[in-house]
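# Summary of the model geometry
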Amino acid sequence: MRVMMIAPTSFFNDYGCHVRILEEARALQSLGLQVKIVTYYKGRDLPGLDIVRTPPLPWRSHYEVGSSRHKIAFDIYLSGTALATALRWRPHLLHAHLHEGALIGTVLRRLLGIPLIFDFQGSLTGEMIDHRFLNPDGPWYPLMRRLEVWIDRQPDAILTSTVQGARLLIEVFGAPPERVLPFPDVVNTEVFRPPLPEEIPELQRLRGEWRIPEGRRLVVYLGLLAPYQGTDLLLQAAARVVRADPQVHFLIMGFPGEAFYMAQAAALGIADRVTFTGKLPYEHAPVYLRLGELAVAPKMSATEGSGKLLNYMATGLPVVAFDTPVSREFMGEAGYYARFGDVESLAEWILYALRHPEESAERGRRLRARAVAHYSWKSAGQALLEIYRVVQRGLPLRAWAATSRPRGLVEHAGKSIEGRST
């Protein structure tokens, strides 16, 4: 089977949806499928992946992460590249990521007469508002909202990274329930794992490279740096934590805007208690996470998934996150939950977790077991292949999932949404 993925982003770029695209492609390739990823011209090429890139924009050779008016031009270029690639390669199925990819895929689906699967990872208008690119009270919001609703009703099947995303699609955007199936993010639990005793000297050396003083208790964060990711709130909470316990140190791994947030940390008086690594290659993330005693996930988006939680969980770290449906979905009763958007609550729960190390270690073990049981990448490829075959046969996706009970991953997610969309 030839599967063409449409990825309207700078794949590969070490964060978020890129990781989902990567793991899905690798899982499918391990089963013998041919996968071709059509994406923007920037991004990191990875061994073993067939990546087709657009030409660069003549007037925009460098661009930032996130929403931008230039993305309209990027997507026009991507549309042409995807069409040319599809006509030449003749895929059996289209797998589109993000709403822009689904819009392009809808056109190709009609031209080529092949099924389209939409990998939904959050609301289009919600993300644009989170990035402060769209004003919910402005004149463009109703138009973008109608476009999002139309896109959500075109694919043959929609896979969501969370149960919350499936509910949002069905209940808010009116997507046909029979086409929507939660297909959660997955994690390689053999790569992301707790440290082994023989690895301790190497981890100590790594701490030394970053000049983290001995005896400091490390709280780790991995992901993009942005207001909607809660970076500002994390630094404000860190200042409160450090005042209460000077032995706590924060290791913040991500980009962009490192200089801005370093200045913010300095203004808060915690520059010597926060280490910014900048952009960290995804393949280095497992080792860096093993440095931590506690992980934090202060994401502010109400509609997007939070794949970093799975990396934390698989590493066996206790996690403090804002109390959102997505956080609860992934971590269940094993997470620590701060009041949404509340800096004081976030600081209090970080301190609580650090002051109760035995309880926190037990929660970390439970999170690790949850990741292995429900979110391991090993079975993801087989389930995705089954979904492809169902869509190719024109069967209702949800009805098939309810009767076939494919692998524990889809079953675990499907149970949480049953009854809400019928």
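Further up the page is the structure itself.
Residues numbered from 1 in each chain as written. Predicted model: local features only at pLDDT ≥ 70, side-chain atom pairs only at ≥ 80, totals over all residues. Heavy atoms only, no water.

Next up on the list: the environment of P56. Relative to the helices and strands, P56 is located in the loop between strand 3 (50-53) and helix 2 (71-89). Look at P56 and you get partly exposed, because its relative accessible area is 46%. As a C-alpha pair, P56 and Y40 span 16 residues in sequence and 8.1 Å in three-dimensional space. In contact with P56, other than residues within four places in its own chain, are Y41 and Y77. (Helix = DSSP H or I, 4+ residues; strand = E, 2+ residues; numbered from the N terminus. Buried < 20%, exposed > 50% of the residue type's maximum accessible area, 1.4 Å probe, protein only. Contact = heavy atoms within 4.5 Å.)

Turning our attention to the packing of helix 1 (residues 16-30) against helix 15 (residues 380-392). Packing of helix 1 against helix 15 leaves a shortest axis separation of 8 Å and a crossing angle of 80 degrees. Here helix 15 runs roughly perpendicular to helix 1, going by the angle between their axes. Residues E24, A27 and L28 of helix 1 form the contact with helix 15, whose own contacting residues are G381, L384, L385 and Y388. Considered class by class, the residues forming the contact of helix 1 with helix 15 number five nonpolar, one polar and one charged. (Axes fitted to C-alpha atoms, helices over the stretch in contact; angles between N-to-C directions. Parallel < 35°, antiparallel > 145°, perpendicular 65-115°, else oblique. Nonpolar A, V, L, I, M, F, W, Y, C, P; charged D, E, K, R; others polar.)

The subject of this paragraph is the layout of surface pockets. Here the second largest pocket is characterised by a volume of approximately 510 Å³. In terms of lining, the second largest pocket is formed by 27 residues, of which the most central are P195, R290, L291, G292 and E293. Put simply, the parts of the chain that give the lining of the second largest pocket at least two residues each are helix 7 (200-209), helix 13 (343-355) and helix 14 (357-374). A breakdown of the residues in the lining of the second largest pocket according to their chemical character gives 14 nonpolar, eight polar and five charged. (1 Å grid on protein atoms, 1.4 Å probe; cavity = no way out; pocket = protein on both sides within 12 Å on 5 of 7 lines; lining within 4 Å. Points joined across faces, edges and corners; volume = space filled by probe spheres on them.)

With that settled, the discussion passes to the packing of aromatic side chains. Evaluation of the coordinates by the stated rule reveals 13 aromatic pairs. A ring pair is formed by F260 and Y261, whose centres lie 5.0 Å apart and whose planes are at 80 degrees; its orientation type is edge-to-face. On the numbers, 5.9 Å between centres and 65 degrees between planes, the contact of F322 with F340 is edge-to-face. Residue F322 is found in strand 12 (residues 319-322), and its partner F340 is found in the loop between strand 13 (336-338) and helix 13; the two are separated by 18 residues along the sequence. Members of the aromatic cluster, connected to one another through ring pairs, are F11, F12, F192 and Y282. Sitting above the plane of the W89 ring, K36 keeps its charged end 4.8 Å from the centroid. (Phe/Tyr/Trp six-rings, centres within 6.5 Å; stacked < 30°, edge-to-face > 60°. Lys NZ or Arg CZ within 6 Å of the ring centre and 35° of its normal.)

The next point concerns a nonpolar patch on the surface. Taken together, the side chains of L83, L87, V107 and L111 define a hydrophobic patch exposed on the protein surface, amounting to about 350 Å² of accessible area. Counting only elements with at least two residues in the nonpolar patch, the list comes to helix 2 and helix 3 (98-112). Residue position: L111 is located in helix 3. Note on L111: relative accessible area 58%, which makes it exposed. (Patch = residues over 30% accessible without salt bridge, like charges linked within 9 Å, V, L, I, M, F, W, Y side chains within 5 Å. Areas by Shrake-Rupley, 256 points an atom, 1.4 Å probe, with all protein chains shown as cover. Salt bridge = Lys/Arg side-chain N within 4 Å of Asp/Glu carboxyl O.)

The full count for this structure, using the stated rule, is one cavity of 30 Å³ or more. Looking at the largest cavity, its volume works out to about 80 Å³. Elements represented by at least two residues in the lining of the largest cavity include exactly strand 12 and helix 12 (325-331). Along the lines of polarity and charge, the residues of the lining of the largest cavity split into four nonpolar, five polar and two charged.

Reading across from one edge, 10-9-8-11-12-13 is the order of the six strands in this open sheet, with parallel pairing throughout. This sheet does not close on itself; its edge strands, each paired only once, are strand 10 (274-278) and strand 13. Across the sheet, the mean angle separating the axes of adjacent strands is 25 degrees when strand polarity is ignored. Relative to strand 12, strand 11 (residues 294-297) is paired through three bridges, and the arrangement is parallel. In the sheet register, A295 faces strand 12, and the bridge partner there is V319. Packed onto the sheet, helix 8 (residues 231-244) meets strand 8 (217-222), strand 9 (248-253), strand 10, strand 11 and strand 12 and runs at close to 165 degrees relative to strand 9. (Pairing = 2+ DSSP bridges.)

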